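# Observations on the model geometry
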Amino acid sequence: MPAREAKVIVDAAGQESFREFVSNRSPALLKTAVLLSGGDRHAGEDLLQNALIKAAGRWGRIDEPEAYVRQILYRQQVSRWRLKRRRRELTVAEPPDRGSGSDGAGAAELRLVMREALSRLTARQRTVLVLRFFEDLPEADVARLLGCSVGTVRSTTHRSLARLRDHAPELTALGVPGAEQQPSRSLAAVEVRP
């Protein structure tokens, strides 16, 4: 059976519109894709590239392009964690020694700690936390996007937060407000850099 190919955008206006969208919105979409991929930039880039390919095939019929591409990202990530494949081990460098300067080292350390903690979560847990706290979606929207019940979103969020607290108790030591109760609020502090 031949592989499905993305349909090409036919008219010049559609091509220019798509190029402009990719140019303007790719950085924000990549940040979300990297977070969904557990901090793995290459996997995030692949996730975004596949989503953009799918969007390109339907470009003339899309009313809200960014919402459409984000939904593709979420659904592709859900499909990935539903596959019965072995998990790849993600190796990361140890965080640097804690400095006492105010040169932004605290923010960098927070990003490292959050990335490490997020990478230890399952893909499903990470996806729920990213949707709930980074994308700031209500439980009902997360449930609709993931194709599950609101109760499942709540229980997954609760278990994910507990696991995040277990894996990153240093969030409290770093002075993240509310870290002892909800460390995932600091999820927005995880910055994805090129």
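Right, let's walk through the structure included here. Fair warning: this is a prediction, and the values are worked out from it, not measured in the lab. (Residues numbered from 1 in each chain as written. Predicted model: local features only at pLDDT ≥ 70, side-chain atom pairs only at ≥ 80, totals over all residues. Heavy atoms only, no water.)

One finds L48, V69, L73 and L131 to be the most contacted residues of the largest nonpolar core, which totals 42 residues. For this core, the secondary-structure elements that each account for two or more residues are α1 (12-36), α2 (41-57), α3 (65-82), α4 (105-119), α5 (123-134), α6 (139-146) and α7 (150-167). With eight residues, α1 is the single largest residue contributor to this core. When neighbours within four sequence positions are excluded, V69 is seen to be in contact with F21, L29, L48, A51, L52 and A55. (Core = buried A, V, L, I, M, F, W, Y, C linked by side-chain atoms within 4.5 Å. Buried < 20%, exposed > 50% of the residue type's maximum accessible area, 1.4 Å probe, protein only. Helix = DSSP H or I, 4+ residues; strand = E, 2+ residues; numbered from the N terminus. Contact = heavy atoms within 4.5 Å.)

Right, let's get into α6. When we look at burial in α6, the residues that qualify are V142, A143, L145 and L146. With its buried residues spanning 165° around the axis, α6 presents them on a single face. Two residues or fewer after α6 comes G147, characterised by a positive phi angle close to 70°. (Arc of directions from axis to C-beta.)

Moving on: the side chain of E135. The residue E135 is located in the loop between α5 and α6 in this model. A polar atom in the side chain of E135 sits 2.7 Å from the side chain of T32. Not counting chain neighbours up to four residues away, the residues in contact with E135 comprise T32, R70, Y74 and V130. (Polar contact = N/O pair within 3.5 Å; in protein donor to acceptor, adjacent residues only side chain to side chain.)

Further remarks concern the pattern of salt bridges. Applying the stated criterion across every chain, the model contains six salt bridges. A salt bridge links R41 to E45; its shortest N-O distance comes to 3.2 Å. On the criterion of helical spacing, the pair formed by R41 and E45 is a turn pair, its members being four residues apart in helix α2. Since its relative accessible area comes to 24%, R41 is described here as partly exposed. Take E45: its relative accessible area is 32%, and that puts it in the partly exposed class. Across the pair R154 and E139 runs a salt bridge whose closest N-O atoms are separated by 2.7 Å. (Salt bridge = Lys/Arg side-chain N within 4 Å of Asp/Glu carboxyl O.)

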